[in-house]
Amino acid sequence: MVDVLNIALNAAAISALYALVALGFTLIFGVGGVLNLAHGALITVGAFAAQQVFRVLGLPLPLAVLGGILAAGTVSGLLYLGVVRFIQDQTVKVILSTVIIGFLVRHAVRIVFGTGTLTLPQLFPGSAGILGESVQNNMVFVFCSSWVLILALFALVNYTTLGKAILATSMSDRGAALVGIDATRINTYTWLLAGMFAGFAGVLLTSFRSGGWRMGLDPMVLSFAIVVLGGLGSIRGSVLGAYIIGTIETVTVSVVDTRLTGVVPLLILIAVLVVRPQGLFGRAEA
Amino acid sequence: MSTGDSSADTTMDASGDAPLDFGAVEKRPSLAELRDAVAPTPKRIVGLVGLAGLAAVPLAASLTDLIELIGLLYLMLFAMSWDVVSGYTGQLSLGHAFFFGLGGYTTTVANVQHGISPALSIPLGVLVAVVGGLLIGVPALRIRGPYLALVTLIAPIILLQLFVLFSSRLPVLAPAGLKGQNGFATSPAPVVGSGSEALIHIEGFRAALMGQYYLSFVLLVVVLAVLLAVTRSSAGSVFTAIREDERAVSAAGLNPAKFKIFAFTLSAAVGGLAGAMFVHTTAGGAQPSQLLEVLVSVRVIILVVLGGMGTIVGGIVGGVFFMLTTLVLGALDSAVGTVPVLDTGIANLRPVPLLSIALVTVIFAPRGILGWFDRLWAEHVSGEAVPDRETAPLVLVVRRYRQQIRDLGVFGDEER
């Protein structure tokens, strides 16, 4: 029983982290129809910015977290305004250029900051007891903050004017334009938002484990699995997908074999793509 | 249009000898066209001179340069294999390393762990890569665009994960394991080498390397000829048509699925062959960094993008460009030393310069060096107009529509 509880708590925390990464990715695809393969690099940017603020500027940790979020958001917004905005109708160009930009950003980080391992202290040191099981405070924070952000995003999309404009743009660029919504502005907001989610995820990942200039790649691949499972572009699908994949991974890793980390989500992904390409909540292709 | 008997061997699905006019796709080439196909146009002469240059380069190269050049030839082969499927049919693959890896690892395991001669293990590698091509190609019929890009990106990552999983032992298939992240330390027997285990024995290290280079060069020329023949044939026209409008291809009574699978299989075979031959040279080895990592796939894409997508020759042109930038950066590195602000050597900047050039090319000159060359040629020499995708009628209509919406000024507080 104790073992089951432990696995469940671990799965909840990991899934919450995965959801953060996947949300930004799916938001961009859902609204602009753009596959942002530079998403992983934004994770790296967030982590390195936070580390710079904390270690070099010597500012307190909460400010470092904020710095990471803002830096990744800025890079993401610039990426949209500077490059993607002009080519977003051309799928091939978008995919190729975001792949290239992802590598460019990652290597820029490597050249400027070196290849060393990245660490941040735990955001909330110590541990708490949940149902008799000792859990790191850090994990509790990851879980709670992830859900606060998920709910905030839901509220934003469903109950505000901006959210309605985002939904309208995601349904039809042209229709949105006809009722006076500027798609470029909406897209910029979603890219900013997505970048901030990625930046936060980067900071959490670094504080949770550790980071480095290549750290963005694995979470990004994982978020592919999640968003494809949930349906590309569906927020609710991504959250569910994150929990399904996070749980299955935690269970296989702790019950079957540790070496299975990373393999299971990808196999699930391939199965989903072959059986039901539009995912659980995705719109079938017209 | 149609020249009497339609030579619809594999291309027609519905009725065998229906009097349908498929235009250029179904036409059997006349003698005059065949003559045109091999006529020494200026562009072809430039191409032949380029190939002659590639054949001459090793004569002046040092030993280390020679090894790098061999690696470059295989990079070009990888690039051509990508171009067949992604450049022509528009089925964007982000993980062609999957095929290189399958070919290279299969022949390595067969040779090192089962003692099979390269003469047999290389074809085995090609076979496994072809199976891999079918594995990707068949599901690729159902998924397209972003989804396909994701699957192909993930295929080599899964393969690498499996190699890590079975790094020390895989029963029956690889008794000594697949060596995980580091890859094989022992290289398989070379096809051309100075040692006794080599398939073709040549005395002396330099002579053996030269042998390897020219064997690879011959492979490059053969593959180039085959791919040019396929893509310039009626099948090639269908590939391009699939890229432009798949529904139109179906409407013309051709089955896009068949052609897509053909493209994927052909591409996998070439990629697998190149991967398999590569590990049997001094330049290559069955290591993830050489055959499987995401950067390998991306580098291949970059070469084709630089050279020109959908041209086959683009991969070679991109490869030459890659070599030149490496040379320039190397010279700068020894001349300048460190970059002032960043405080690091220029060599350490790799691959940023190439990535930047590729990014600019993707956005501003999507037809690459060859497209640019075509336009210059048309403008200054032949005077013909070159069709430009950027100003295709449909693009112009959409652009005008957008502009009109903007001009209406409905976006109240718009900044532009």
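Every chain is numbered on its own, with residues counted from 1 as its sequence reads. Following the order in which they are written, the chains are lettered starting with A and the ligands numbered starting with 1. pLDDT decides what is reported in this predicted model: residues at 70 or higher carry local features, side-chain atom pairs at 80 or more are listed and counted, and totals for whole chains, interfaces and linings draw on all residues regardless. Side-chain descriptors were evaluated using all non-hydrogen atoms of the structure, hydrogens and water having been removed beforehand.

**Focus: the side chain of A:Glu249**
Residue and element names in this part refer to chain A. Filter applied, for reference: Numbering of helices and strands runs from the N terminus, with a helix taken as a DSSP run of H or I at least four residues long and a strand as a DSSP run of E at least two residues long. Only protein chains enter the calculation, and the probe is 1.4 Å; a residue is then buried if its accessible area is under 20% of its type maximum, exposed if over 50%, and partly exposed in between. By definition in these notes, contact holds between two residues if any of their heavy atoms fall within 4.5 Å.
Residue position: Glu249 is located in helix 10 (residues 235–256). Look at Glu249 and you get buried, because its relative accessible area is 6%. Apart from residues no more than four positions distant in its own chain, Glu249 is found in contact with Tyr18, Thr261, Gly262 and Pro265.

**Points about the side chain of B:Thr231**
All names here are of chain B. Under the convention used in this document: Counted as a polar contact is a pair of N or O atoms within 3.5 Å, where, for protein atoms, one must be capable of donating a hydrogen and the other of accepting one, and residues adjacent in sequence contribute only when both atoms are in side chains.
Relative to the elements of secondary structure, Thr231 occurs in helix 7 (residues 205–232). A polar side-chain atom of Thr231 sits 2.7 Å from the main-chain carbonyl oxygen of Leu227. Side-chain polar atoms of Thr231 contact the side chain of Arg232, separated by 3.4 Å.

**Quick notes on the interface of chain A and chain B**
Rules: Buried area is calculated as the accessible area (1.4 Å probe) missing from two parts once they are joined, with the contributions of both summed. Whenever a carboxyl oxygen of Asp or Glu lies within 4 Å of a side-chain nitrogen of Lys or Arg, that contact is scored as a salt bridge. Gly counts as polar in this scheme, as do all residues outside two lists: the nonpolar Ala, Val, Leu, Ile, Met, Phe, Trp, Tyr, Cys and Pro, and the charged Asp, Glu, Lys and Arg.
Residue-level contacts link 53 residues of chain A with 51 residues of chain B. Of the roughly 4,500 Å² buried between chain A and chain B, counting both surfaces, carbon and sulfur atoms make up 74%. Contact with chain B buries surface across chain A, with A:Leu96, A:Ile100 and A:Ile111 losing the most and accounting together for 13% of the total. The interface formed by chain A and chain B contains zero salt bridges. Summed over the shared surface of chain A and chain B, the result is one residue pair in polar contact (both at pLDDT 80 or more). Only helix 3 (61–87), helix 4 (91–113), helix 7 (173–178), helix 8 (183–208), helix 9 (217–230) and helix 11 (263–275) of chain A provide two or more residues apiece to the side of chain A that touches chain B. Per-element accounting of the side of chain A that touches chain B gives the leading share, 15 residues, to helix 4 of chain A. Looking at the side of chain A that touches chain B, its residues break down into 33 nonpolar, nine polar and eleven charged.

**Section: the packing of helix 4 (residues 97–114) of chain B against helix 10 (residues 256–279) of chain B**
All names here are of chain B. Filter applied, for reference: Simply put, an axis is a line fit to the C-alpha atoms, just over the touching stretch for a helix, and the angle between two N-to-C directions goes from 0 to 180 degrees. For classification purposes, an angle smaller than 35 degrees is called roughly parallel, one larger than 145 roughly antiparallel, one from 65 to 115 roughly perpendicular, and anything else oblique. Throughout, a crossing is termed right-handed when the near helix is turned clockwise from the far one, and left-handed when it is turned anticlockwise from it by less than a right angle.
Relative to each other, helix 4 and helix 10 sit at 45°, their axes nearing to 7 Å. Between helix 4 and helix 10, the interaxial angle falls into the category oblique. In this structure, helix 4 meets helix 10 at a crossing whose hand is right-handed. Mapping the contact onto sequence places Phe99, Phe100, Gly103, Gly104, Thr107 and Thr108 in helix 4 and Phe264, Ala268, Gly271, Gly272, Gly275, Ala276 and Val279 in helix 10. Partitioned by chemical class, the residues of the contact of helix 4 with helix 10 number six nonpolar, seven polar and no charged.

**Considering the confidence of the model for chain A**
Selection criterion: As a per-residue measure, pLDDT reflects the predictor's confidence and takes values from 0 up to 100.
Here chain A averages 84 in pLDDT, while 98% of its residues score no lower than 70. Mean pLDDT across the elements of chain A ranges from a minimum in strand 1 (residues 127–130) of chain A, with 74, to a maximum in helix 3 of chain A, with 92.

**With respect to the confidence of the model for chain B**
Residue and element names in this part refer to chain B. Within chain B, residue pLDDT values average 81, and 84% of them lie at 70 or more. Every residue in residues 412–416 scores below 50 in pLDDT, and together they form nine contacts with partners more than four places removed in sequence or on other chains. Taken over the whole predicted complex, pTM reads 0.84, whereas the ipTM for its chain interfaces reads 0.84.

**With respect to helix 4 of chain A**
To keep things clear, this is the line we draw: The span expected for a helix works out to 1.5 Å for each residue beyond the first.
Compared with the 33 Å implied by 1.5 Å per residue over 23 residues, the 33 Å span of helix 4 of chain A between its first and last C-alpha is a close match. Following helix 4 of chain A by one or two positions, A:Gly114 has its phi on the positive side, about 85°.

**Describing the pairing of strand 1 of chain A**
Residues and elements named next belong to chain A. The cut-off we apply is this: When DSSP finds two or more bridges between two strands, those strands count as paired.
When strand 1 meets strand 2 (residues 133–136), the two strands line up antiparallel, connected through four bridges. Across the sheet, Ser127 pairs through a bridge with Gln136, a residue of strand 2. Between the end of strand 1 and the start of strand 2, which pair antiparallel, lie two residues, with Leu131 showing a positive phi angle near 50°.

**Considering the packing of aromatic side chains**
Worth spelling out the cut-off: Ring pairs shown here join Phe, Tyr and Trp side chains whose ring centres sit within 6.5 Å, with only the six-membered ring taken for Trp; geometry is labelled stacked below 30 degrees between planes, edge-to-face above 60, and tilted in between. When the NZ atom of lysine or the CZ atom of arginine is within 6 Å of a ring's centre and also within 35 degrees of its normal, the charge is said to sit over that ring.
Evaluation of the coordinates by the stated rule reveals 15 aromatic pairs over all chains. Between A:Trp147 and A:Tyr243 the ring centres are 5.9 Å apart and the planes differ by 40°, which places this aromatic pair in the tilted class. Here A:Tyr243 lies in helix 10 and A:Trp147 lies in helix 5 (residues 137–159), a separation of 96 residues in the sequence. Relative accessible area serves as the criterion here: at 17%, A:Tyr243 is assigned to the buried category. Among the aromatic residues, ring-to-ring pairing joins B:Tyr74, B:Phe78, B:Phe100 and B:Phe278 into one connected group. Positioned above the aromatic ring of A:Phe103 is the side chain of A:Arg106, whose terminal nitrogen or guanidinium carbon lies 5.3 Å from the ring centre. Above the ring of A:Trp213, the side-chain terminus of A:Arg110 is found at 5.6 Å from the ring centroid.

**Here we look at the nonpolar core**
Nonpolar side chains tend toward joint burial in soluble globular proteins. Where we set the bar: As used in this record, nonpolar core signifies buried Ala, Val, Leu, Ile, Met, Phe, Trp, Tyr and Cys residues forming a set joined through side-chain atoms within 4.5 Å.
Residues A:Leu37, B:Met80 and B:Leu220 are the most contacted members of the largest nonpolar core, which totals 200 residues. Per-element tally for this core: the top contributor is helix 3 (residues 63–89) of chain B, with 16 residues. B:Leu220 has contacts with B:Leu54, B:Leu73, B:Met76, B:Leu77, B:Met80 and B:Ile316, leaving out every residue within four places of it along the chain. Core analysis: the next-biggest nonpolar cluster, separate from the first, contains six residues, A:Val31, A:Ala165, A:Ile166 and A:Ile181 among them.

**Remarks on the pattern of salt bridges**
All names here are of chain B. All chains considered together, the criterion is met by two salt bridges over all chains. The partner of Arg243 in a salt bridge is Glu244, with the nearest N and O atoms 3.1 Å apart. Take Glu244: its relative accessible area is 52%, and that puts it in the exposed class. Between Lys260 and Glu246 there is a salt bridge whose closest N-O contact spans 3.2 Å. On the criterion of sequence distance, the pair formed by Lys260 in helix 10 and Glu246 in helix 9 (residues 246–251) is long-range, its members being 14 residues apart.

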